[in-house]
Amino acid sequence: MTDQKYTRETVTGMTEWVPGKLFSITTTRDSAFQFEPGQFARLGLPASNDHAAEPTIWRAYSMVSTPEDDFLSFYSIVVPEGEFSPRLAGLKTGDPVYIDKTAFGFLTIDRFPQGGNLWLLATGTGLSAYISMLNTPATWERFDKIILAHGVRTCEELTYQDEMAKWQQQFGDRFVYLPLPTREAYKNHPQERLTSLISNGKLEQLSGLKLDPETSRIMLCGNPEMLSEARKILGEKGFAAGRRGIPGNLAVENYW
Ligand SMILES: Cc1cc2nc3c(=O)[nH]c(=O)nc-3n(C[C@H](O)[C@H](O)[C@H](O)COP(=O)(O)OP(=O)(O)OC[C@H]3O[C@@H](n4cnc5c(N)ncnc54)[C@H](O)[C@@H]3O)c2cc1C
Ligand SMILES: NC(=O)c1ccc[n+]([C@@H]2O[C@H](COP(=O)([O-])OP(=O)(O)OC[C@H]3O[C@@H](n4cnc5c(N)ncnc54)[C@H](OP(=O)(O)O)[C@@H]3O)[C@@H](O)[C@H]2O)c1
């Protein structure tokens, strides 16, 4: 086992948020597994239902838990026709799940210079990576305000509400949470995609803050079409990823 690239972990909990669509899974964590908030792990499962079989199917999942936690947790969609996610959703407490020893990814706060406002924009399970960041004190020490905008299809997909309430209570107006269901009305929020809200200026109105390229740092995570459209709109407003040692004001993570 020691020469292998992965460790065998154990499922310690499952939370079903939306039956057949959204769940969270908690596992044991190997003490040598290190990561930064915003990074992802590669989870593996055998192709058969034989728990003793070696893992052959691997998928990326952003850590929801923080580097300080002695467990790992992940937030997942169920893609009914997918090879991996229905299998992951079917795991029970005590079942094995395999995790690559290396964490990956560059959606981390050290991509950005200190200060200014951090805008965390997600669709669907793209929320995962941000929960780890928001539960890490260094994130709050690095930025003035943090705006979290979460685009989902329906209201029931506005998950992790206890965490949202916790940050609102803890950080007051330093935390701006914008829940954005697109296929159902939700309170007085506009029923529009994040991309429209960026281009028509409503995201700024809703948050009461300017998307100023000098003082705003933006992360985008989730649906790749949303990412590419948002990148284009934000590019025209002066946002770009960093390169060759020059820190940028935009960082993105594609989920498929
Ligand atoms: C860097 C990275 C981080 C990721 N982190 C997460 C995460 O934290 N949570 C998570 O649920 N998924 C995450 N994913 C996606 C995940 O790796 C799997 O693709 C997903 O769980 C579905 O696996 P599957 O084998 O069932 O279907 P796949 O064959 O992998 O995907 C089939 C199709 O399902 C759709 N799809 C895949 N993932 C999603 C999704 N997350 N939301 C909506 N539609 C999707 C796409 O249309 C895709 O073409 C991440 C992917 C990457 C690359
Ligand atoms: N009943 C179900 O819907 C159901 C059940 C089980 C599993 N699933 C699985 O769930 C997957 C979808 O997951 P999801 O709903 O989390 O992801 P999603 O389709 O990416 O939708 C999440 C949010 O992103 C928005 N969005 C999509 N494309 C965008 C773009 N180009 N620009 C800006 N915003 C965009 C959506 O708006 P819009 O609403 O305007 O598209 C929605 O608000 C399906 O592929 C399916 O496999 C679905």
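Residues numbered from 1 in each chain as written. Chains lettered and ligands numbered in written order. Predicted model: local features only at pLDDT ≥ 70, side-chain atom pairs only at ≥ 80, totals over all residues. Heavy atoms only, no water.

Under an unreviewed UniProt entry, the name given to the chain is ferredoxin--NADP(+) reductase, and the source organism is Advenella faeciporci. Entered under Sequence similarities (unreviewed entry) in the UniProt record, the comment concerning the chain runs "Belongs to the ferredoxin--NADP reductase type 1 family." In UniProt, the chain has this text filed under Catalytic activity (unreviewed entry): "2 reduced [2Fe-2S]-[ferredoxin] + NADP(+) + H(+) = 2 oxidized [2Fe-2S]-[ferredoxin] + NADPH". (UniProt positions renumbered as here; feature names shortened; annotations may be inferred.)

Student: What am I meant to see in the site of ligand 2 here?
Tutor: Contacts to ligand 2 come from 20 residues, most closely from Lys21, Thr182, Arg183, Arg193 and Asn223. Between ligand 2 and Thr182, the relevant distance is 2.6 Å, taken from an oxygen atom to a side-chain nitrogen or oxygen of the residue. Within the side chain of Arg193, one N or O atom sits 2.8 Å away from an oxygen atom of ligand 2. Taken by itself ligand 2 offers 900 Å² of open surface, and the protein chains cover 76% of this. Listing elements by their share of the shell around ligand 2, those giving two or more residues are β8 (146-152) and α7 (224-236). Here the residues of the shell around ligand 2 sort into seven nonpolar, seven polar and six charged. (Near = heavy atom within 4 Å. Polar contact = N/O pair within 3.5 Å; in protein donor to acceptor, adjacent residues only side chain to side chain. Areas by Shrake-Rupley, 256 points an atom, 1.4 Å probe, with all protein chains shown as cover. Helix = DSSP H or I, 4+ residues; strand = E, 2+ residues; numbered from the N terminus. Nonpolar A, V, L, I, M, F, W, Y, C, P; charged D, E, K, R; others polar.)

Student: Looking at this model, I keep getting lost on the nonpolar core. Mind explaining?
Tutor: Counting 32 residues, the largest nonpolar core has Leu120, Tyr130, Leu148, Phe175 and Met219 as the members making the most contacts within it. For this core, the secondary structure elements donating two or more residues are β7 (117-123), α2 (127-134), β8, α4 (161-171), β9 (175-181) and β10 (216-222). The residues that make up this core include at least three from each of domain 1 (6-100) and domain 2 (109-254). With sequence-adjacent residues up to four places away left out, Tyr130 is seen in contact with Leu107, Leu120, Leu121, Ala122, Leu148, Met219, Leu220 and Cys221. Membership of the second largest hydrophobic core comes to 22 residues, among which are Val176, Leu178, Leu209 and Leu227. (Core = buried A, V, L, I, M, F, W, Y, C linked by side-chain atoms within 4.5 Å. Buried < 20%, exposed > 50% of the residue type's maximum accessible area, 1.4 Å probe, protein only. Domains from an automatic or database assignment. Contact = heavy atoms within 4.5 Å.)

Student: Would you take a moment to explain the site of ligand 1 for this structure?
Tutor: The environment of ligand 1 is formed by 20 residues, the closest being Ala60, Tyr61, Tyr75, Ser85 and Thr125. Separating an oxygen atom of ligand 1 from a backbone N or O atom of Ser62 is a distance of 3.2 Å. At a separation of 2.6 Å, an oxygen atom of ligand 1 approaches a polar side-chain atom of Ser85. In the complex, the protein chains occlude 76% of the 870 Å² of accessible area that ligand 1 would expose alone. Of all the secondary-structure elements, those providing two or more residues to the shell around ligand 1 are β4 (57-62), β5 (71-77), α1 (85-89) and β11 (250-254). Sorting elements by how many residues they give to the shell around ligand 1 places β4 first, with four residues. If you count residues domain by domain, the shell around ligand 1 takes at least three from each of domain 1 (6-100) and domain 2 (109-254).

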